[in-house]
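Results of the structural survey
Below, each chain spelled out in residue letters.
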Amino acid sequence: MGPGLKVLLFLTLHLLQAVKGSMVHLNNNGYEGVIIAINPSVPEDERLISSIKEMVTQASTYLFQATERRFYFRNVSILVPTTWESKPEYLTPKQESYDQADVIVADPHLKYGDDPYTLQYGQCGDRGQYIHFTPNFLVNENMTDIYGPRGRVFVHEWAHLRWGVFDEYNMDRPFYVSGKNVVEATRCSTDITGTNVISECRGGSCLTKKCRRDSKTGLYDPKCTFIPNKSQTTRASIMYMQSLDFVVEFCNKDNHNTEAPNLQNKMCNRRSTWDVIQASADYQNTSSMTGTEAPPPPTFSLLKSGQRVVCLVLDKSGSMSLQNFIPRLTLMNQAAELYLIQIIEKESLVGLVTFDNTATVQTQLIRLVNDSSYLEISAKLPQEASGGTSICNGLRKGFEAITSSNQSTSGSEIVLLTDGEDSGISSCFEEVKDSGAVIHTIALGPDAAQELETLSEMTGGRHFYASEGTSGLIDAFSEISSKSGDISQQALQLESKAFDIGAGTWKNGTVPVDSTVGNDTFFVITWTVQKPEIILQDPKGKNYTTSDFQEDKLNIFSVRLRILGIAETGTWTYSLKSTKSQLLTVTVTTRARSPTMFPVIATAHMNQSTAQYPNAMIVYARVSQGFLPVLGASVTAVIEAEDGHQVTLELWDNGAGADTFKNDGVYSRYFTDFHGNGRYSLKVNAQARKDITKLTLKQKIKSLYVPGYVENGQIILNPPRTEVPEEATEAPVEDFSRVTSGGSFTVTGAPPDGDHVSVFPPSKVTDLEAEFTGDDHIQLTWTAPGKVLDKGRAHRYVIRMSKRSLDLQEDFNSATLVDTSGLIPKEAGSNETFTFKPETFKIGNGTQLYIAIQAENEAGLTSEVSNIPKAVKFIPRQESSIHDLSTQVAVPSLTVFVFVAILFIF
């Protein structure tokens, strides 16, 4: 089945998010299908093209050397914006698109920097989402002084993206006390030499002075910085500081620093970067090239998309007359009409094909310029269902509708909806692949052909599943919106609800419209028996009633109201009254208020598109405004099985359990409530919480900004970076509501009816922290796991300690046991605190103890061993008696230098 939907949520002053589905693959050691996309808001600049080519060419050789002659870049597509002028060398894309880019070039998330980074929030070894470079990083030569040669930076970020490794530095904990009671810079390997200084810059001049240990913590002053020597004898590591000329390798098991408090150690159980890379599918499926000193240079294709071309290929076979509440054909027509009128952007070319045993072109491509254009297509939606199901015939007619309108199938899109089985679907796989078209598939009901996901996978399309009796079809169509990188073209869902209503009763609801949206806003009501009475009130008290809603002429049980101009900001209230018991749905869609004002966006996906029971899955939802995470939102996921069974999960951004990073705007949760085999759908709702939700203006994960170097005995500093002012690190967020479909995923091997035996243990504790208190006690804090991963309450905790981290890592059960008889686990997601005295160890100044924890449930299943923090006993002394235990310094002594630095303004 298709790869996991890598849907991000971000919106920015210049950059939009995309559904991720990388086309990268290996061919004889060379990476093919790499896409580097330039955002439409980036002004035309030929220097960007040449810089990208130079960067990738340099990176290819560096990667080849770093991976022991195993990988290089064979070909790369550079997708230039549609806003740039056309040139003869610009080719038409096939399935390459902005939303599938592995690298995006866009302005920074803030005015404060150009840090390259990889959006990465999966587990160790999981592929990241994309690499982000700014135009300034690519064309400003000063950037190479700060981050190193661009090709080396690209390889550093590629390791994040492709192999799911993490940084070996830690800007929040730049120093730590080693097992030898020496203050060390957080790095890998420790063979990288340098010195530690405090740099103070005033009025254009900078003064450096030696660091001293803090009398309370034993660590260096927070302003202390590690300055590496320009010349090194070690070759590792790229994930620490690739800017050093001598660094050409990843840390391996022989030189990996397991003590460093960095993400690589935390996320990958202290495994080295090279160990993780060796475990990857890329490494396992290749071998080193022999007889080759350098790889062949990469080839580049320059691509430029044209207008959007979409053909709807809709099933009208006999099974589409089946109904739960209303016929499937009617459900399809409701959703298709919404797509035509509310979702697909203006000026697109759209065609319509219907199929059963045979297929018919109902309309060739029509440019959507006004309401009559939409109506011309919607008038041809099928009104009767009969016949069998031939998906291949439908696809072939879809291609015909496109080519007969003088358009190429290459780069076009087909939205295929079916509810039927088709044993012959594989017969046209090669035709589909050769067409260059992107196929989005929507499976309606439990009997839709199982090969639909393969069509989406092979073409880079999205796949959805919708059951009857919900708004699933509308949600699916709403997600097939523009992913060109231009947020102003993208439709957003503010509301999507389905509910049963009793005869003579009212149903009320509210929809917040924030100030970043409101353009092209629609309220749509559907029903199954009889049109309800409708009252809609805007924030200023203006009422819209049933007569203001336009009823569809095709009798598809729906009405819509289009708000003229810009919808009023604030809370809209709707009330629905039905004279008969029936199912109603409410859908509200809108667009960005203006091209320069970008809204909060929420998108979602599962960590993979197929699950083999009893492997758990992870739900991810990202809520952002620009590249900036939205924190503190209420985010819930609804997962529905083919039999209609629904599970609602509250997603967390707490850095525990399934959630990788705390407060990064990515909300996560394990999913284990499988209810039989087959397809499942994912839907996520994100809402602001009053006085809690906020926008954080800091980018946590980013490339290391090298402060300078020690060269020939002198400290040469780079221009100081411009940081986000402390008072501007957070911003309030208006009330908002966003609804998004995360597509579908498939489960095999699961017991029917949710009849699970105890197969899932508590989740691993990943945020355990330990510190000595003043009375020789150790205080532990962590986030409680659950009975089943991150759900429920664990039965008990097992805590052990040792003077060696390896004791806990390799033989946890043999380490010293801590008495936890009085420790009762809390509900999953709660904050846990536990204090104990390590009676079996003699505690003195410099004592170091490692602690780890396991959780156990009533079935006796235990979690993985937690992360292993270290508690260091430090007894404060007089400042004069504290020795400065620096990292190794290559120069005889540290000299204070005063010089003038030109401030670098971003």
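Residues numbered from 1 in each chain as written. Predicted model: local features only at pLDDT ≥ 70, side-chain atom pairs only at ≥ 80, totals over all residues. Heavy atoms only, no water.

This part covers the overall build of the chain. On a plain count of helices and strands, the chain comes out with 15 helices and 52 strands. On C-alpha atoms alone, the chain measures out to a radius of gyration of 29 Å, which is about the 29 Å that the 2.2 N^0.38 rule sets for 906 residues. Summarising its shape, the C-alpha atoms of the chain cover approximately 90 × 70 × 60 Å along the three principal directions. Relative to its full complement of 906 residues, the chain shows a buried share of 59%. Counted over contacts in the chain with a minimum sequence separation of 6, partners at least 24 positions apart contribute 76%. On the chain, roughly 35,000 Å² of surface is accessible, and the fraction owed to carbon and sulfur atoms is 47%. When the 81 positive and 103 negative side-chain charges of the chain are each reduced to one mean point, those points stand 4 Å apart. (Helix = DSSP H or I, 4+ residues; strand = E, 2+ residues; numbered from the N terminus. Rg over C-alpha atoms; globule rule 2.2 N^0.38 Å. Buried < 20%, exposed > 50% of the residue type's maximum accessible area, 1.4 Å probe, protein only. Contact = heavy atoms within 4.5 Å. Areas by Shrake-Rupley, 256 points an atom, 1.4 Å probe, with all protein chains shown as cover. Lys, Arg positive; Asp, Glu negative; His and termini not counted. Charge placed at Lys NZ, Arg CZ, Asp CG, Glu CD.)

The subject of this paragraph is the nonpolar core. In a soluble, globular protein the nonpolar side chains are often hidden away together inside. One finds Phe 154, Trp 158, Trp 163 and Phe 250 to be the most contacted residues of the largest nonpolar core, which totals 71 residues. Here this core takes nine residues from helix 1 (residues 46-66), the largest share from any one element. The contact partners of Phe 154, leaving out residues within four places of it in the chain, are Met 55, Val 56, Ala 59, Phe 73, Val 103, Ile 131 and Phe 133. Residues Leu 628, Val 630, Ala 633 and Phe 674 belong to the second largest nonpolar core, which totals 54 residues. (Core = buried A, V, L, I, M, F, W, Y, C linked by side-chain atoms within 4.5 Å.)

Here we take up the sheet that holds strand 21 (residues 438-444). Across the sheet, which stays open at both edges, the six strands sit in the order 19-18-17-20-21-22 with mixed pairing between neighbours. A strand with exactly one partner marks an edge of an open sheet, and here the two such strands are strand 19 (359-367) and strand 22 (463-466). Neighbour-to-neighbour, the strand axes of the sheet open up by a mean angle of 15°, direction not taken into account. Contacts between helix 10 (residues 371-378) and the sheet are confined to strand 18 (349-355) and strand 19, with strand 19 contributing the most and set at about 175° to the helix. Lying on the sheet, helix 11 (residues 391-403) is in contact with strand 17 (309-315), strand 18, strand 19, strand 20 (413-418) and strand 21; it crosses strand 19 at an angle near 30°. (Pairing = 2+ DSSP bridges. Axes fitted to C-alpha atoms, helices over the stretch in contact; angles between N-to-C directions.)

Turning to the pattern of salt bridges, a few remarks are in order. Pairs may arise between side chains of opposite charge once their charged atoms sit close together. Counted by the stated rule, this structure contains 33 salt bridges. Glu 32 is the salt-bridge partner of Arg 74, the closest N and O atoms lying 3.4 Å from each other. Taken together, the positions of Arg 74 in the loop between strand 6 (72-73) and strand 7 (75-80) and Glu 32 in strand 4 (residues 30-32) put the pair 42 residues apart, joining distant regions of the chain. Within this structure, Asp 371, Asp 520, Arg 562 and Arg 591 form a network of salt bridges that share partners. (Salt bridge = Lys/Arg side-chain N within 4 Å of Asp/Glu carboxyl O.)

Here we come to the state of the cysteines. Evaluated as defined, the whole model comprises four disulfides. Covalently, Cys 211 is tied to Cys 224 through a disulfide, its sulfur atoms 1.9 Å apart. Its S-S torsion of about 95° marks the bond between Cys 211 and Cys 224 as right-handed, since a negative value means left-handed. Here Cys 211 is found in the loop between strand 14 (205-210) and strand 15 (224-228), whereas its partner Cys 224 is found in strand 15, with 13 residues between them in sequence. The two residues Cys 211 and Cys 224 agree in class, both being buried. Here Cys 392 pairs with Cys 428 through a disulfide, and the sulfurs are 2.2 Å apart. (Disulfide = S-S within 2.5 Å.)

Within a regular strand, side chains alternate between the sheet's two faces. Burial analysis of strand 31 (residues 582-592) places eleven of its eleven residues in the buried class, the great majority of the element. Two elements, strand 23 (residues 492-501) and strand 31, share nine bridges in a ladder whose sense is antiparallel. Looking at strand 31, one finds that Lys 497 is bridged to Val 586. The pairing of strand 25 (residues 517-526) with strand 31 spans seven bridges and is classified as antiparallel.

Let us now look at the environment of Asn 265. Mapping Asn 265 onto the fold places it in helix 6 (residues 263-267). Aside from chain neighbours lying at most four places away, what touches Asn 265 is His 256, Asn 257, Thr 258, Glu 259, Ala 260 and Arg 270. Among the polar contacts listed, one links the side chain of Asn 265 to the side chain of His 256, at a separation of 2.7 Å. (Polar contact = N/O pair within 3.5 Å; in protein donor to acceptor, adjacent residues only side chain to side chain.)

Our next topic: unusual backbone geometry. It is generally the case that most residues other than glycine have a negative phi and that most peptide bonds are trans. Of note, the amide linkage connecting Cys 188 to Ser 189 takes the cis form, showing an omega dihedral of 5°. Note on placement: Ser 189 falls in the loop between strand 12 (183-185) and strand 13 (194-202). Look at the link from Tyr 613 to Pro 614: it is a cis peptide, with omega at 15°. If you trace the backbone, Pro 614 turns up in the loop between strand 33 (610-612) and strand 34 (617-625). Positioned with a positive phi, Asp 520 is a non-glycine residue whose angle comes to about 55°. Here Asp 520 lies in strand 25. In this model, Asp 776 sits at a positive phi of 65°, which is unusual for a non-glycine residue. In this fold, Asp 776 is placed in the loop between strand 45 (769-772) and strand 46 (778-783). Overall, the relative accessible area of 24% leaves Asp 776 in the partly exposed class.

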